[in-house]
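Here is how the chains run, residue by residue.
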Amino acid sequence: MDSKISEEFVGPRSEDTLPASAAAAVKVVIVGGFGVGKTTLVGSVSEIRPLTTEETMTQAGVGVDDVAGVERKTETTVAMDFGRISINEQLVLYLFGTPGQERFWFLWNGLFEGALGAVVLVDTRRLEVSFDVIGRLEERGVPFVVGINAFPDAPVHPVEDLRAALDIPASVPMIDCDARDRGSCRDALMTLMRYLHTLTTSTPEPQ
(Lines give C-alpha, C1' and ligand atoms only; values in the text may rest on other atoms or scores of the structure.)
Protein backbone atom coordinates (compact mmCIF):
# COMPACT_ATOMS: atom_id res chain seq x y z
CA MET A 1 0.00 0.00 0.00
CA ASP A 2 1.11 3.50 -0.77
CA SER A 3 1.51 5.57 2.37
CA LYS A 4 0.96 9.27 1.91
CA ILE A 5 2.03 11.49 4.78
CA SER A 6 0.98 14.93 3.63
CA GLU A 7 2.88 15.07 0.35
CA GLU A 8 3.57 18.77 0.76
CA PHE A 9 4.93 18.43 4.30
CA VAL A 10 8.68 18.87 3.97
CA GLY A 11 9.56 20.48 7.30
CA PRO A 12 8.70 23.42 9.52
CA ARG A 13 8.38 26.92 8.14
CA SER A 14 8.69 30.12 10.16
CA GLU A 15 4.92 30.55 10.09
CA ASP A 16 4.51 27.05 11.57
CA THR A 17 6.07 28.06 14.87
CA LEU A 18 3.86 28.72 17.87
CA PRO A 19 2.92 32.43 18.16
CA ALA A 20 5.00 34.25 20.80
CA SER A 21 1.80 35.63 22.36
CA ALA A 22 0.34 32.15 23.00
CA ALA A 23 -0.29 31.60 26.71
CA ALA A 24 -2.07 28.25 26.47
CA ALA A 25 -2.14 25.34 24.03
CA VAL A 26 -4.78 22.64 24.36
CA LYS A 27 -5.47 19.37 22.60
CA VAL A 28 -8.76 18.74 20.79
CA VAL A 29 -9.73 15.54 18.99
CA ILE A 30 -11.83 15.33 15.82
CA VAL A 31 -13.73 12.04 15.75
CA GLY A 32 -16.39 10.31 13.70
CA GLY A 33 -17.12 7.25 11.64
CA PHE A 34 -15.44 6.26 8.42
CA GLY A 35 -15.59 8.92 5.69
CA VAL A 36 -17.43 11.65 7.63
CA GLY A 37 -14.91 14.41 6.84
CA LYS A 38 -12.38 14.45 9.69
CA THR A 39 -9.30 14.84 7.49
CA THR A 40 -11.08 17.52 5.47
CA LEU A 41 -11.93 19.50 8.62
CA VAL A 42 -8.37 19.43 9.96
CA GLY A 43 -7.00 20.47 6.58
CA SER A 44 -9.56 23.26 6.14
CA VAL A 45 -9.02 24.96 9.48
CA SER A 46 -5.34 24.33 10.23
CA GLU A 47 -3.07 27.39 10.03
CA ILE A 48 -0.07 25.15 9.39
CA ARG A 49 0.31 22.50 6.73
CA PRO A 50 -1.60 19.54 8.19
CA LEU A 51 0.14 16.26 8.79
CA THR A 52 -1.93 13.34 7.56
CA THR A 53 -1.37 9.59 7.56
CA GLU A 54 -3.48 8.45 4.63
CA GLU A 55 -3.08 5.23 2.70
CA THR A 56 -4.68 4.11 -0.52
CA MET A 57 -7.55 1.74 0.14
CA THR A 58 -6.93 -1.75 -1.24
CA GLN A 59 -8.60 -5.16 -1.36
CA ALA A 60 -7.37 -5.75 2.20
CA GLY A 61 -10.25 -3.66 3.49
CA VAL A 62 -12.96 -5.44 1.51
CA GLY A 63 -15.41 -7.09 3.88
CA VAL A 64 -13.72 -5.37 6.83
CA ASP A 65 -14.43 -1.66 6.32
CA ASP A 66 -18.03 -0.56 5.81
CA VAL A 67 -17.90 1.68 2.73
CA ALA A 68 -21.66 1.91 2.21
CA GLY A 69 -22.43 5.46 1.15
CA VAL A 70 -18.76 6.34 0.51
CA GLU A 71 -17.96 3.85 -2.24
CA ARG A 72 -15.89 6.41 -4.16
CA LYS A 73 -13.52 7.01 -1.24
CA THR A 74 -10.00 5.95 -2.30
CA GLU A 75 -7.86 6.90 0.72
CA THR A 76 -8.23 6.56 4.46
CA THR A 77 -6.51 7.76 7.63
CA VAL A 78 -4.66 4.92 9.35
CA ALA A 79 -3.07 6.73 12.31
CA MET A 80 -4.06 10.38 12.74
CA ASP A 81 -4.38 13.82 11.20
CA PHE A 82 -2.69 16.75 12.92
CA GLY A 83 -3.18 20.50 12.58
CA ARG A 84 -3.18 23.70 14.61
CA ILE A 85 -5.37 26.80 14.89
CA SER A 86 -5.05 29.94 17.01
CA ILE A 87 -8.42 30.81 18.52
CA ASN A 88 -7.03 34.16 19.67
CA GLU A 89 -3.60 35.61 20.50
CA GLN A 90 -3.39 33.61 23.72
CA LEU A 91 -5.17 30.31 22.97
CA VAL A 92 -3.93 27.71 20.47
CA LEU A 93 -5.67 24.43 19.68
CA TYR A 94 -3.78 21.34 18.55
CA LEU A 95 -6.13 19.24 16.42
CA PHE A 96 -5.88 15.46 16.21
CA GLY A 97 -8.12 13.62 13.76
CA THR A 98 -8.79 9.96 14.55
CA PRO A 99 -9.05 7.07 12.07
CA GLY A 100 -12.67 6.14 11.42
CA GLN A 101 -12.48 2.39 10.83
CA GLU A 102 -13.11 0.27 13.90
CA ARG A 103 -9.99 -1.84 13.20
CA PHE A 104 -7.85 1.25 13.93
CA TRP A 105 -9.67 2.31 17.10
CA PHE A 106 -6.91 0.87 19.29
CA LEU A 107 -5.02 4.07 18.38
CA TRP A 108 -7.64 6.20 20.14
CA ASN A 109 -6.10 5.58 23.56
CA GLY A 110 -2.99 7.59 22.72
CA LEU A 111 -4.84 10.25 20.73
CA PHE A 112 -7.21 10.96 23.61
CA GLU A 113 -4.45 11.21 26.20
CA GLY A 114 -4.58 14.78 27.54
CA ALA A 115 -7.40 15.87 25.22
CA LEU A 116 -9.65 18.64 26.53
CA GLY A 117 -12.63 17.63 24.40
CA ALA A 118 -13.81 16.44 21.01
CA VAL A 119 -15.81 17.43 17.96
CA VAL A 120 -17.88 14.53 16.61
CA LEU A 121 -18.57 14.83 12.88
CA VAL A 122 -21.83 13.26 11.72
CA ASP A 123 -22.97 12.35 8.21
CA THR A 124 -26.79 12.33 8.08
CA ARG A 125 -26.70 9.80 5.24
CA ARG A 126 -25.05 7.27 7.58
CA LEU A 127 -26.00 8.05 11.17
CA GLU A 128 -25.31 4.47 12.19
CA VAL A 129 -21.53 4.95 11.87
CA SER A 130 -21.71 7.51 14.67
CA PHE A 131 -23.36 5.36 17.34
CA ASP A 132 -20.27 3.48 18.55
CA VAL A 133 -18.09 6.60 18.29
CA ILE A 134 -20.38 8.59 20.58
CA GLY A 135 -20.71 5.62 22.92
CA ARG A 136 -16.93 5.38 23.31
CA LEU A 137 -16.67 9.09 24.12
CA GLU A 138 -19.38 8.79 26.74
CA GLU A 139 -17.65 5.76 28.28
CA ARG A 140 -14.39 7.71 28.50
CA GLY A 141 -16.12 10.78 29.92
CA VAL A 142 -14.73 13.01 27.15
CA PRO A 143 -16.80 16.20 26.66
CA PHE A 144 -17.89 16.66 23.05
CA VAL A 145 -20.03 18.65 20.66
CA VAL A 146 -21.63 17.30 17.49
CA GLY A 147 -21.03 18.83 14.07
CA ILE A 148 -23.51 17.85 11.35
CA ASN A 149 -21.35 17.81 8.23
CA ALA A 150 -23.00 19.33 5.17
CA PHE A 151 -22.58 16.77 2.40
CA PRO A 152 -24.23 18.00 -0.85
CA ASP A 153 -26.58 15.01 -1.19
CA ALA A 154 -27.25 14.51 2.52
CA PRO A 155 -30.84 14.59 3.79
CA VAL A 156 -31.72 17.52 6.04
CA HIS A 157 -33.40 16.75 9.35
CA PRO A 158 -34.42 18.98 12.26
CA VAL A 159 -31.68 19.10 14.88
CA GLU A 160 -33.99 17.72 17.55
CA ASP A 161 -34.77 14.68 15.36
CA LEU A 162 -31.04 14.05 14.95
CA ARG A 163 -30.50 14.54 18.68
CA ALA A 164 -33.14 11.91 19.39
CA ALA A 165 -31.77 9.49 16.77
CA LEU A 166 -28.25 9.76 18.20
CA ASP A 167 -29.48 9.84 21.82
CA ILE A 168 -27.55 13.04 22.54
CA PRO A 169 -28.34 14.80 25.84
CA ALA A 170 -30.01 18.20 25.54
CA SER A 171 -26.99 19.84 27.18
CA VAL A 172 -24.60 18.78 24.39
CA PRO A 173 -24.41 21.35 21.54
CA MET A 174 -25.26 20.20 18.01
CA ILE A 175 -24.40 22.52 15.12
CA ASP A 176 -24.23 22.50 11.34
CA CYS A 177 -20.66 22.23 10.09
CA ASP A 178 -19.21 22.24 6.57
CA ALA A 179 -15.84 20.49 6.87
CA ARG A 180 -14.69 22.17 3.64
CA ASP A 181 -15.19 25.68 5.01
CA ARG A 182 -12.60 27.20 7.36
CA GLY A 183 -15.08 29.58 9.00
CA SER A 184 -17.60 26.82 9.63
CA CYS A 185 -14.92 24.57 11.15
CA ARG A 186 -13.69 27.40 13.35
CA ASP A 187 -17.26 27.96 14.56
CA ALA A 188 -17.48 24.28 15.53
CA LEU A 189 -14.26 24.55 17.53
CA MET A 190 -15.46 27.73 19.21
CA THR A 191 -18.68 25.95 20.15
CA LEU A 192 -16.60 23.25 21.81
CA MET A 193 -14.54 25.84 23.69
CA ARG A 194 -17.67 27.61 24.96
CA TYR A 195 -19.19 24.30 25.99
CA LEU A 196 -16.05 23.31 27.90
CA HIS A 197 -16.12 26.68 29.62
CA THR A 198 -19.71 26.14 30.79
CA LEU A 199 -18.73 22.73 32.17
CA THR A 200 -15.90 24.23 34.22
CA THR A 201 -17.94 27.14 35.54
CA SER A 202 -21.23 25.38 36.26
CA THR A 203 -22.06 24.84 39.92
CA PRO A 204 -22.63 21.17 40.79
CA GLU A 205 -25.99 20.38 42.32
CA PRO A 206 -25.94 19.64 46.07
CA GLN A 207 -25.93 15.93 46.89
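Residues numbered from 1 in each chain as written. Predicted model: local features only at pLDDT ≥ 70, side-chain atom pairs only at ≥ 80, totals over all residues. Heavy atoms only, no water.

### As for the pattern of salt bridges
Counted according to the given criterion, the structure contains six salt bridges. We note a salt bridge from Glu47 to Arg84, for which the minimum N-O separation is 3.0 Å. Of the two residues, Glu47 is situated in the loop between α1 (38–45) and β3 (51–56) and Arg84 in strand β4 (residues 75–86); the sequence distance between them amounts to 37 residues. Exposure remark for Arg84: the relative accessible area of 5% places this residue in the buried category. Across the pair Arg163 and Glu160 runs a salt bridge, and its minimum N-O distance is 3.6 Å. In this pair, Arg163 and Glu160 both sit in helix α4 (residues 159–166), three residues apart, roughly one turn of the helix. Owing to a relative accessible area of 10%, Arg163 belongs among the buried residues under this scheme. When its relative accessible area of 51% is taken as the criterion, Glu160 is described as exposed. Via salt bridges that share partners, Asp123, Arg125, Arg126 and Asp153 belong to a single interconnected network. (Salt bridge = Lys/Arg side-chain N within 4 Å of Asp/Glu carboxyl O. Helix = DSSP H or I, 4+ residues; strand = E, 2+ residues; numbered from the N terminus. Buried < 20%, exposed > 50% of the residue type's maximum accessible area, 1.4 Å probe, protein only.)

### Some thoughts on the packing of aromatic side chains
Under the definition given, this model contains two aromatic pairs. Arranged with centres 5.9 Å apart and planes meeting at 20°, the rings of Phe82 and Tyr94 form a pair that is stacked. Highlighted residues: Phe82 in strand β4 and Tyr94 in strand β5 (residues 91–97), separated in sequence by twelve residues. Assessed through its relative accessible area of 25%, Tyr94 is described here as partly exposed. Three or more aromatic residues joined by ring pairs form one cluster here, namely Phe82, Tyr94 and Phe96. Over the aromatic face of Phe96 sits the side chain of Lys27, whose NZ or CZ is 4.7 Å from the ring centroid. Residue placement shows Arg125 over the ring face of Phe151; its charged tip is 4.2 Å from the ring centre. (Phe/Tyr/Trp six-rings, centres within 6.5 Å; stacked < 30°, edge-to-face > 60°. Lys NZ or Arg CZ within 6 Å of the ring centre and 35° of its normal.)

### So, the nonpolar core
Judged by nonpolar contacts, the single largest core of 44 residues is most densely connected at Leu93, Val120, Phe144 and Leu189. Among the elements that take part in this core, helix α5 (residues 182–201) stands out by supplying seven residues, more than any other. Not counting the four nearest positions on each side in its chain, Leu189 is found in contact with Val28, Ile30, Val45, Ile85, Leu93, Leu95 and Val119. (Core = buried A, V, L, I, M, F, W, Y, C linked by side-chain atoms within 4.5 Å. Contact = heavy atoms within 4.5 Å.)

### Observations concerning the packing of α1 against α5
Viewed as axis vectors pointing N to C, α1 and α5 meet at an angle of 100°, and their least axial separation amounts to 8 Å. Considering the angle they form, α1 stands roughly perpendicular to α5. Of the residues in α5, those touching α1 at Leu41, Ser44 and Val45 are Arg182, Cys185, Arg186 and Leu189. (Axes fitted to C-alpha atoms, helices over the stretch in contact; angles between N-to-C directions. Parallel < 35°, antiparallel > 145°, perpendicular 65-115°, else oblique.)

### Describing the pairing of strand β2 (residues 24–32)
For a regular strand, the rule is simple: side chains alternate between the two faces of the sheet. When you tally the buried positions in β2, you get seven out of nine residues, the bulk of the element. Here β2 pairs with β5 via seven bridges, running parallel. Bridge assignment links Val29 to a residue of β5, and that residue is Phe96. When β2 meets strand β6 (residues 115–122), the two strands line up parallel, connected through six bridges. Residue pairing in the sheet places Val29 in a bridge with Ala118 of β6. (Pairing = 2+ DSSP bridges.)

### Remarks on the side chain of Arg126
Mapping Arg126 onto the fold places it in the loop between β6 and α3 (128–140). Engagement of the side chain of Arg126 in a polar contact is seen with the backbone oxygen of Phe34, the distance being 2.7 Å. (Polar contact = N/O pair within 3.5 Å; in protein donor to acceptor, adjacent residues only side chain to side chain.)

### A word on α5
A rise of 1.5 Å per residue sets the reference length of α5, with its 20 residues, at 28 Å; its end C-alpha atoms lie 29 Å apart and thus fit the reference within 8%. Of the positions making up α5, those classed as buried are Ser184, Cys185, Ala188, Leu189, Thr191, Leu192, Met193, Tyr195 and Leu196. The N-capping residue of α5, defined by a side-chain oxygen 3.2 Å from the backbone nitrogen of Gly183, is Asp181. (Expected span 1.5 Å × (residues − 1).)

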